[in-house]
Amino acid sequence: MKENKFEFNYKVYDSISELPEESQWLLNEAREVSANAYAPYSNFQVGAVAKMANGQIVAGSNQENASFPVGLCAERVLLASISSLFPKVPIETIAISYRSDSQKSDHPISPCGICRQSLQEFEGRVNHPVQLILGGMEGPVYVIDSASRLLPLAFTSEELR
Ligand code: THU
């Protein structure tokens, strides 16, 4: 028997003002785009904005439905748009933020499990890491160099070859 260990490093900034200028801009876009979410059931509005390797900026927000399982997270709305618009172009960075009338937006949120799976597959498709910038409307910001770090021992397309 041997024991394996998974660990990864990520950066923690005390506030958005410590980030490089381009990252600040992208996170501010994600904050703004969260206002476009359709989230009347959770009242939890998420914005995700990608900077593509071709310089394009693409935005997504969560879209809910009265039939709850139909809803889509901001990250997967974003990835679906990107795959449709620029199927072979790598994503350099995705910034994710959120707002809610009922709770504070003062710390980063991290993509849910299904979105981690989708992000991991996108990285694999174009063979390029997606940097994540995670932050609320205020407070600390996390920067993770590759979305796949959030999904150790992932089930991948390799298994289906
Ligand atoms: N949600 C996202 O859009 N992204 C996340 O990373 C976490 C959760 C959405 C799904 C649902 O519409 C609402 O937030 C509450 O879970």
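Residues numbered from 1 in each chain as written. Predicted model: local features only at pLDDT ≥ 70, side-chain atom pairs only at ≥ 80, totals over all residues. Heavy atoms only, no water.

Within an unreviewed UniProt entry, the label attached to the protein chain reads Cytidine deaminase, and the organism entered is Flavisolibacter ginsenosidimutans. The protein chain has a UniProt comment under Sequence similarities (unreviewed entry) that states "Belongs to the cytidine and deoxycytidylate deaminase family." (UniProt positions renumbered as here; feature names shortened; annotations may be inferred.)

1. Things to note about the nonpolar core
In this structure, Met 52, Ile 82, Ile 91, Ile 94 and Leu 132 are the most contacted members of the largest nonpolar core, which totals 25 residues. Every element with two or more residues in this core is listed here: β2 (44–52), α2 (74–85), β4 (91–100), α3 (113–126) and β5 (131–135). With sequence-adjacent residues up to four places away left out, Ile 94 is seen in contact with Ala 48, Val 49, Ala 50, Leu 78, Leu 119, Val 130, Gln 131, Leu 132 and Ile 133. Leu 19, Leu 26, Leu 27 and Val 49 belong to the second-largest nonpolar core, a separate cluster that totals twelve residues. (Core = buried A, V, L, I, M, F, W, Y, C linked by side-chain atoms within 4.5 Å. Buried < 20%, exposed > 50% of the residue type's maximum accessible area, 1.4 Å probe, protein only. Helix = DSSP H or I, 4+ residues; strand = E, 2+ residues; numbered from the N terminus. Contact = heavy atoms within 4.5 Å.)

2. Structural notes on a nonpolar patch on the surface
Together, Tyr 38, Tyr 41 and Phe 68 make up a nonpolar patch on the protein surface, roughly 360 Å² of accessible area in all. Within the fold, Phe 68 resides in the loop between β3 (57–61) and α2. Its relative accessible area of 59% is what places Phe 68 among the exposed residues. (Patch = residues over 30% accessible without salt bridge, like charges linked within 9 Å, V, L, I, M, F, W, Y side chains within 5 Å. Areas by Shrake-Rupley, 256 points an atom, 1.4 Å probe, with all protein chains shown as cover. Salt bridge = Lys/Arg side-chain N within 4 Å of Asp/Glu carboxyl O.)

3. As for the site of the ligand
In the neighbourhood of the ligand, the contacting residues comprise Ser 42, Phe 44, Val 46, Asn 62, Glu 64, Cys 73, Ala 74, Glu 75, Ser 110, Pro 111 and Cys 112. Between Glu 64 and the ligand, the recorded distance is 2.5 Å, taken from a side-chain N or O atom to an oxygen atom. With respect to the ligand, the backbone of Ala 74 contributes an N or O atom lying 2.8 Å from an oxygen atom. Here the residues of the shell around the ligand are counted per class, giving six nonpolar, three polar and two charged. (Near = heavy atom within 4 Å. Polar contact = N/O pair within 3.5 Å; in protein donor to acceptor, adjacent residues only side chain to side chain. Nonpolar A, V, L, I, M, F, W, Y, C, P; charged D, E, K, R; others polar.)

4. Details of the packing of aromatic side chains
Here the structure, examined in full by the defined rule, presents five aromatic pairs. With a centroid separation of 6.1 Å and 40 degrees between ring planes, the pair formed by Phe 6 and Phe 8 is classed as tilted. Using a relative accessible area of 47% as the deciding quantity, one classes Phe 6 as partly exposed. You can call Phe 8 partly exposed: its relative accessible area is 25%. With a centroid separation of 5.5 Å and an interplanar angle of 50 degrees, the aromatic rings of Tyr 41 and Phe 68 are classed as tilted. Taken together, the residues span a long stretch of sequence, with Tyr 41 in the loop between α1 (21–33) and β2 and Phe 68 in the loop between β3 and α2 at a distance of 27 residues. With a relative accessible area of 41%, Tyr 41 lands in the partly exposed category. (Phe/Tyr/Trp six-rings, centres within 6.5 Å; stacked < 30°, edge-to-face > 60°.)

5. Description of the pairing of β3
Examined bridge by bridge, β2 and β3 share five bridges and lie antiparallel to one another. Note on β3: the bridge partner recorded for Gly 47 is Ser 61. With antiparallel pairing between neighbouring strands as the criterion, β2 and β3 make up a hairpin whose turn holds four residues, including Gly 55 at a positive phi of roughly 90 degrees. (Pairing = 2+ DSSP bridges.)

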